[in-house]
Amino acid sequence: MPLFDFGKKKEEIIAVFDIGSDSVGGMIIKINSESDPEIIASVRNPVNFLFDINFPAFWRCARNAVKKTASQLLKFSPVPPDRVLCVFSSPWFISQTRIISVRKNEPFEISKDFFEKLLDEEIEIF
């Protein structure tokens, strides 16, 4: 379902999180099918690093920053969010560029299912 697909609802509240290596940001956005999106609140919290870095400590600090950001955002939201969008920066994802080449002897339709199947196959290979 697309982020801005309203379906039957006229208005939606969306929470957006930007989770990075040194901070966690968040926004509450009100989206209305009849007007421009409105940012209700925006916060950013640092991931408090320890001098002796190890992954369990880093993970704990990042989780705490996400929890703090979410609790701050909920104070500004008139209602619980209808959707949540998370954007992950390094080190929370693995980036890999792939070139996919498809050749078939017979005509074929390029559809959403076609792309989903290709992506599933590439994920399996990765």
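Remember, predicted model here, so these are calculated numbers, not experimental data.

(A) How the structure looks around helix α2 (residues 112-125). Taking 1.5 Å as the rise per residue, α2 with 14 residues should run 20 Å; its terminal C-alpha atoms sit 20 Å apart, in good agreement. Residues of α2 that are buried: Phe114, Leu118 and Glu122. For α2, the angular spread of buried residues about the axis comes to 65°, placing them on one side. For α2, the exposed residues lying more than 90 degrees away from the buried face are Lys112, Asp113, Lys117, Leu119, Asp120, Ile123 and Glu124.

(B) Local environment of the sheet that holds strand β2 (residues 23-32). Strands sit in the order β3-β2-β1-β4 across an open sheet of four strands; the sheet is mixed. In this open sheet, the two strands that pair with only one neighbour each are β3 (38-46) and β4 (83-88). On average, adjacent strands in this sheet sit at an angle of 15° to one another, irrespective of strand direction. Pairing analysis gives nine bridges linking strand β1 (residues 11-19) to β2, with the strands arranged antiparallel.

(C) Just the nonpolar core, in detail. In terms of nonpolar packing, the biggest core is built from 14 residues, with Phe17, Val24, Ile28, Val47 and Leu73 touching the most fellow members. Put simply, the parts of the chain that give this core at least two residues each are β1, β2, β3 and α1 (55-76). Considering every element that reaches this core, the biggest residue donor is α1, with five residues. Phenylalanine 17 has contacts with Gly25, Gly26, Thr69, Ala70, Leu73, Val84, Leu85, Cys86 and Val87, leaving out every residue within four places of it along the chain.

(D) Molecular detail of the pattern of salt bridges. Under the definition given, this model contains five salt bridges. Here arginine 44 and aspartate 18 are joined by a salt bridge, their closest N and O atoms 2.8 Å apart. Of this pair, arginine 44 sits in strand β3 while aspartate 18 sits in strand β1, and the two are 26 residues apart along the sequence. Overall, the relative accessible area of 27% leaves aspartate 18 in the partly exposed class. A salt bridge links glutamate 38 to lysine 30; the shortest N-O distance between them is 3.6 Å. Using a relative accessible area of 41% as the deciding quantity, one classes glutamate 38 as partly exposed.

Calculation criteria
- Residues numbered from 1 in each chain as written.
- Predicted model: local features only at pLDDT ≥ 70, side-chain atom pairs only at ≥ 80, totals over all residues.
- Heavy atoms only, no water.
- Helix = DSSP H or I, 4+ residues; strand = E, 2+ residues; numbered from the N terminus.
- Expected span 1.5 Å × (residues − 1).
- Buried < 20%, exposed > 50% of the residue type's maximum accessible area, 1.4 Å probe, protein only.
- Arc of directions from axis to C-beta.
- Pairing = 2+ DSSP bridges.
- Axes fitted to C-alpha atoms, helices over the stretch in contact; angles between N-to-C directions.
- Core = buried A, V, L, I, M, F, W, Y, C linked by side-chain atoms within 4.5 Å.
- Contact = heavy atoms within 4.5 Å.
- Salt bridge = Lys/Arg side-chain N within 4 Å of Asp/Glu carboxyl O.

Functional significance is not addressed by these values, which are geometric in nature.
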